[in-house]
Amino acid sequence: MGSHNHGASSGAELSNGAPLLTVNGKPVENGVVDAGLKSLDHYQRALPKWRYNLRQRLLPLIRWETPYLAMLQEKLRTPALDRYFAITANLGTHTFFMIGLPVLFWCSFSSFGKGLVHILAAGVFWTGFIKDMLSLPRPLSPPLHRITMSGSAALEYGFPSTHSANAVSVTVYSILVLHSDKNTFSPSTTFALELLAYFYAFSIVFGRLYCGMHGFLDVIIGSIMGAAISYIEFYYGPPFQDWLYASDYLAPILFAITILILVRIHPEPADDCPCFDDSVSFAGVIVGLEIGTWHFARSRWNHIYNGPNALFDLSALGWPVIVIRLILGVLIIFAWREVMKPTLLKVLPHLFRVIETHGLSLPRRFFMPASEYKDVPLNLRDDEVLPKVSDIPRMMRSIRGPGRGRAVSIGPQSAADAYETLAYRERKRRESLSSEKGSGLKQAQSTAEGADGEESMVDQAAHSSGVEKYERQMGQGQVVVESTGNLSPNSSAVEEPEMYLGQRDELGEREIFSKLTRPRVRYDVEVVTKLVVYAGIGWLAVDMIPILFELTGLLGAGHLPFPVPSS
């Protein structure tokens, strides 16, 4: 895909066709200075002082690395790599793991599956925690092009990278397991799996840089967090699990309360960011997983799947039974979600209104309280951790379609992008005013330096040909989106586009915010709905579905003639 010229035109116009005038780089509309400076103290007003100060210390690093990322992206980009990294990014998403992880529990890899759930839940929660706490933007676009298959991904903050944390945590944990005494694979298979794990991590982490979705700082800190979480889970997870499952019912209840407290103290972001939704979803999964595993450990089928003398043998079932087990299990999980979510969205608003009347509501920024709406729409376009059944055909068409499901966008997409664009623009304006005052003195010094001055000019020219052209594009606030959605067979219209072609001229604050990809209205009952729905998914995967397999006879493993292990 060819590059675009992102330089702002001198004849820029507003969305209503009126000319866009500037004074020292500041937009002026109808002779009145636009409220470009009103956004500069947005984070100072929205964040506690200590969070704001920490954010301001890290923000220069993100600005510094942006032109280097843009230069790297321009040198490497090809249509084939665009497709590869856009599609493989899905292998680091919550959706991929939520669909794939239950399979491990149903195929007698429950210990490995629980470890992966723990590290992924911890990674999603704590990266989301830090994202909302610091409210740091992604690297600026322009100069970066953002390549993604998710319309909501750019709505999140950038630091740290959840994709990188997920990929590295899975890789590190898998390698630790491969090198442990639990590994039953041959040396050659172990080596091949280890190489595959490294390649997987590289594809996801480097892909975040290539796709313009994260900077170096984002992926480095995200990767460190992922590795640390894996080591903690590998060495301290099993003893904790043994204690939890050997305890009475108070232990899982206290664990669930602890998770709910962590959800409650999750920092509120300065902008409408969906990070909290993902954290809530995985918090629900962990609660359901631990309660379900605790209950299953006390069932009469536990000896088949768990313990050093577990009787389950996947090969003894045969492929037809294995496939039926997987299909039935996945259908049960999707059916639970399809039934419980709309039911809770209908019932909970009435309960929440009663709670509000007693002053017991727990309001959260950007969530509409039940007293301000009548009903929750049941057809919400939601970036769910687990997709709807009706969304699966569209997702498959997206991957196979003309654009291979990717969209390349240039320009602010979220409120965080817009505020950073305006703040960087104002910073450059101030620097420009300062440099104009000292330009005469610098020119005199350069002339006096003679040969040294000529060498300095050569260095400046080399720098200009490198990162400076990308620095000039930062803060322009251009809104350019190339949609590569799918064309339906009988129509030339793009099917459900999530991004639209915007203006290429430098825009003022009002126009920038009018072009953003806006988050939908979110309702207070959605938090509890997600907790219940995803706790149910975790509980079903490790408890009720395996029990159902055993109760159905042929789908179970307890009836197979496994040899009784010698004591």
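Everything quoted here is computed from the prediction, not taken from an experiment. (Residues numbered from 1 in each chain as written. Predicted model: local features only at pLDDT ≥ 70, side-chain atom pairs only at ≥ 80, totals over all residues. Heavy atoms only, no water.)

Helix and strand counts for the protein come out as 18 helices and eight strands. Across the 567 residues of the protein, 51% fall into the buried class. Expressed as a percentage of contacts within the protein between residues at least 6 apart in sequence, the contacts between residues at least 24 apart total 83%. Accessible surface computed for the protein: about 27,400 Å², of which carbon and sulfur atoms make up 64%. (Helix = DSSP H or I, 4+ residues; strand = E, 2+ residues; numbered from the N terminus. Buried < 20%, exposed > 50% of the residue type's maximum accessible area, 1.4 Å probe, protein only. Contact = heavy atoms within 4.5 Å. Areas by Shrake-Rupley, 256 points an atom, 1.4 Å probe, with all protein chains shown as cover.)

This paragraph deals with the packing of helix α6 (residues 162-178) against helix α8 (residues 216-246). Remark: α6 packs on α8, axes separated minimally by 7 Å, with the N-to-C direction vectors making an angle of 35 degrees. Crossing handedness for the pair α6 and α8: right-handed. Packed against α6, whose contacting residues are Ser-164, Ala-165, Val-168, Ser-169, Val-170, Val-172, Tyr-173, Leu-176 and Val-177, the element α8 presents Val-219, Gly-222, Ser-223, Gly-226, Ala-227, Ser-230, Tyr-231, Glu-233, Phe-234 and Tyr-235 at the interface. Among the residues making up the contact of α6 with α8, the classes are represented as twelve nonpolar, six polar and one charged. (Axes fitted to C-alpha atoms, helices over the stretch in contact; angles between N-to-C directions. Left-handed = near helix turned anticlockwise from the far one by under 90°. Nonpolar A, V, L, I, M, F, W, Y, C, P; charged D, E, K, R; others polar.)

This brings us to the environment of Leu-328. Inspection of the secondary structure puts Leu-328 in helix α13 (residues 319-357). For Leu-328, a relative accessible area of 28% gives the class partly exposed. Placed 221 residues apart in sequence, Leu-328 and Phe-549 show a C-alpha to C-alpha distance of 9.2 Å.

A few words on the pattern of salt bridges. Side chains that carry opposite charge are capable of pairing whenever their charged atoms lie near each other. Across all of its chains, the model carries six salt bridges by this definition. Residue Arg-77 is joined to Asp-82 by a salt bridge in which the shortest nitrogen-to-oxygen separation is 2.6 Å. What you see here is one network of salt bridges that share partners, running through Asp-272, Asp-277 and Arg-522. (Salt bridge = Lys/Arg side-chain N within 4 Å of Asp/Glu carboxyl O.)

Our next topic: the nonpolar core. Within the largest apolar cluster, 64 residues are counted, with the highest numbers of intra-cluster contacts made by Leu-116, Val-117, Leu-136, Ile-286 and Val-525. A total of eleven residues in this core trace back to one element, the largest contributor, which is helix α18 (residues 525-551). Leave out the neighbours within four places in its chain, and Val-525 touches Leu-345, Leu-348, Pro-349, Phe-352, Tyr-373 and Val-376. Counting residues in each nonpolar core, the second largest holds eleven residues, with Leu-144, Val-168, Leu-176 and Val-205 among its members. (Core = buried A, V, L, I, M, F, W, Y, C linked by side-chain atoms within 4.5 Å.)

Here α8 contains 31 residues, and its C-alpha end-to-end distance of 44 Å stays within 8% of the 45 Å for a straight helix at 1.5 Å per residue. At Tyr-236, α8 shows its strongest bend, of approximately 50 degrees, with the proline Pro-238 following within four residues. (Expected span 1.5 Å × (residues − 1). Bend = angle between axes of the 7 residues up to and from the residue.)

Time to look at the confidence of the model for the protein. Interpretation of the predicted coordinates at a detailed level should be avoided for regions scoring low in pLDDT. Of all residues in the protein, 67% attain a pLDDT of 70 or more, and the chain-wide mean is 74. Low pLDDT, under 50, characterises residues 447-464; the stretch is placed with five contacts to residues that sit more than four places away or in other chains. (pLDDT = per-residue confidence, 0-100.)

This part takes up the UniProt feature "transmembrane region" (unreviewed entry) in the protein. Within the UniProt annotation, "transmembrane region" (unreviewed entry) is assigned to residues 84-105, 117-136, 191-209, 216-237, 249-267, 279-297, 317-336 and 527-549. Helix and strand shares over residues 191-209 are 100% and 0% respectively, and the end C-alpha atoms of the span are 28 Å apart. Across residues 216-237, the secondary structure splits into 100% helix and 0% strand, with the terminal C-alpha atoms separated by 30 Å. (UniProt positions renumbered as here; feature names shortened; annotations may be inferred.)

Applying the stated criterion across every chain yields a total of 17 aromatic pairs. For the ring pair Phe-85 and Tyr-210, a centre distance of 4.9 Å and an interplane angle of 40 degrees mean the geometry is tilted. Highlighted residues: Phe-85 in helix α3 (residues 79-88) and Tyr-210 in helix α7 (residues 187-210), separated in sequence by 125 residues. With a relative accessible area of 5%, Phe-85 lands in the buried category. For Tyr-210, a relative accessible area of 2% puts it in the buried group. Ring centres 5.8 Å apart and planes at 20 degrees place the aromatic pair Phe-112 and Tyr-173 in the stacked group. (Phe/Tyr/Trp six-rings, centres within 6.5 Å; stacked < 30°, edge-to-face > 60°.)

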